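Residue-level listing of the chains:
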Amino acid sequence: MPNNFILKGILILVFLFFLCCPWVCEAFCIEPTNVPRFFVASLFLILGIIIHFFRKKVYILPPTTLIVLIFAFYFVNIISATWALNATDAIFESQKIALGILLFIWVYDQISSAINERFILNTLSIVFFTTLCITFYEWSIQINEFKTSIFGHKNLLSSFLFLSLAFWLYCFRVVTNRLKWVYLIGFILTVSCILLIQTRSAILALIVAVFFFIMTCIYAHLKLKARRIFLTTISATFLIVAFYGSKHFTNILSNTNDKNASLVERVELWKNTTELIKENPIIGVGTGNWQYNYSKFSINNIDKARNYNTFFKRPHNDFLWVLSENGIIGFVLLICIIGYIGRVSIKMFLIDKDINRLILLSGAVGFIMISFFSFPKERVPHIILVAILLAFQFKGIHFDHAKKLKLNFKNVFVIIALLLLNCTIGYYRLKGEFYTKKAVLAQTSKEADKVIEFGTKAISYFYTTDPSGTPIYSYIGWGYNLKTDLNELLSANEKAYQISPYDYKVLSNYGYALLRIGLFDSASKVLSEAYRINSSYEPILLNLSVLEFNRRNYALSLEWLEKIENYQIKYAQNYERIQMKISAK
């Protein structure tokens, strides 16, 4: 870590830019909260490793067991690209894991120096305070419907703030000067902010973290026999609470209202995810590919998806997410990683009674609770913060077989090659979002040629779908439809279908293209599949009505049209034509 004051200031500015880059990137990105940060973080880490290479030739590594487990988890994720529907997203999500692993190793080595540790903690504190200031300001101007500009979703903001709590308390305990009270104020403000935002998963995580902290402290001060009784009592209490809690949970689901609709929505997503797991139990559907597979089991029970065309990218449960995308193999590796971290951390706390270590572990336990109801694992800020937290968690633990990595050219080349891959992915995804945004604007003004041009420029090996999961070929197909170029229309929609074969919009567009080209049997199969997935989507119903009309099944054509609300007004011409044909018979 640099000793130069100016260079330290530059690094702090980099961290602040990392936090606030959505403001800069929203002008040319559709979703500016994740990809730009992925790109910036990868560049920063390359810079850090290069500086380290010239200043220090050896890395102090975390425990070998943990390194093997996390790299095995990364390997399972990256090879899943070979069987995933969308290899592009599988690679992107896997490289986020690689970024987290490399940052964990780098920070673990850096904080072996007290000066570097203080610098990292001070930098994090500045980032956290900035986050609080932005959040309180945004909350004050939009109390009724709070939205966060730097995280995109209040659940993600709350989980980030929750993770910061462990660092605030850690700083309060390790700092000996008057500045420690600033950290305590930061902790109190963060708790207040979480309560103001009212994200249930973060509040529950806070309760779980406090409970875990207290119970572990009590357990550590008991004798062996008393510990057994204590564990038995806690386990029995947990089972009773779980039993009655599941009954209450069932009652909530059976009495749906506006307050618990999001919970019901999650349960329906979990049901589809469970079916996905049953279908691919060993290796899963591929990292980042839940979004392209979950709807194959129909989304008719998910109100937002059926009636409001909301596209879900994740099941709002990170553990089900991993199990569905990486199968039992990936899930077991994840549990092994969590189990190893927990076992080592608790074992060391029972030996040295280090409250700082327990604070960080309690934060990690609370974060695991958040992962049951939200989706922090895909977000770069959360990956980075978890990597730093784990580095501090293992700081000071002396292992019998501590390893060191010699920074020769070969090792540095491999590390930088991984990060350069990240930068390449980040660049092409930023480029893709830039041109996709231009295509969307051109689509609004019905400029077919520009939509095709921008859509073609957006597509690359590392970018094939927009942030909502819509294939870019769907935009291109829209352009060719406006130009009535039927062959290109079919080609574009067929490519979109290959990327996302269970997206009812993609299926509707593909069926429409087949219909226009005169392939009625194929169109019928595709549109029937689309209807099975979403029986309320109006274009599907209209396409099926037109299909049957062209097949001269006029009564059936009318049946499909009648499923559309206000069809006599919306599609008066279609209705009249069908009625004329029926009357003529």
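So, how was this worked out
Residues numbered from 1 in each chain as written. Predicted model: local features only at pLDDT ≥ 70, side-chain atom pairs only at ≥ 80, totals over all residues. Heavy atoms only, no water. Helix = DSSP H or I, 4+ residues; strand = E, 2+ residues; numbered from the N terminus. Contact = heavy atoms within 4.5 Å. Phe/Tyr/Trp six-rings, centres within 6.5 Å; stacked < 30°, edge-to-face > 60°. Lys NZ or Arg CZ within 6 Å of the ring centre and 35° of its normal. Core = buried A, V, L, I, M, F, W, Y, C linked by side-chain atoms within 4.5 Å. Buried < 20%, exposed > 50% of the residue type's maximum accessible area, 1.4 Å probe, protein only. Polar contact = N/O pair within 3.5 Å; in protein donor to acceptor, adjacent residues only side chain to side chain. Expected span 1.5 Å × (residues − 1).

Before going further, it helps to spend a moment on the environment of S524. Among the structural elements, S524 can be located in helix α20 (residues 520–533). Taking the C-alpha atoms as reference points, S524 and I12, 512 residues apart in sequence, are found 59 Å from one another. If sequence neighbours within four positions are ignored, S524 has contacts with L547 and R551.

So, about the packing of aromatic side chains. One pass over the full model with this rule turns up 28 aromatic pairs. Residues F172 and W181 carry aromatic rings whose centres are separated by 5.5 Å and whose planes lie at 65° to one another, so their mutual orientation is edge-to-face. Looking at R37, its charged tip hangs above the ring of F151, at a distance of 5.1 Å from the centre. In this structure, R429 is placed above the aromatic ring of F92, and the distance from its NZ or CZ to the ring centre is 4.1 Å.

Bringing the nonpolar core into the picture now. Grouped together as the largest cluster of nonpolar side chains are 151 residues, with contacts concentrated most on V107, F162, F167, I388 and F392. When sequence neighbours within four positions are dropped, the list of residues in contact with F162 reads I194, A202, A205, L206, A209, G363, G366, F367 and I370. The next biggest cluster of nonpolar side chains, apart from the first, holds nine residues, and it includes A439, F454, Y463 and I472.

Within the fold, T216 resides in helix α8 (residues 200–220). Accessibility expressed as a relative area gives 9% for T216, which makes it buried. There is a polar contact of 2.7 Å between the side chain of T216 and the backbone oxygen of F212. Not counting the four nearest positions on each side in its chain, T216 is found in contact with F349 and L358.

Here helix α3 (residues 64–79) contains 16 residues, and its C-alpha end-to-end distance of 22 Å stays within 8% of the 22 Å for a straight helix at 1.5 Å per residue. Among the residues of α3, those classed as buried are L66, I67, L69, I70, F73, Y74, V76 and N77. Packed against the buried residues of α3 are α4 (87–110), α12 (318–352), α14 (380–394) and α15 (409–444).

Read these as layout, nothing more, since geometry by itself doesn't imply function.
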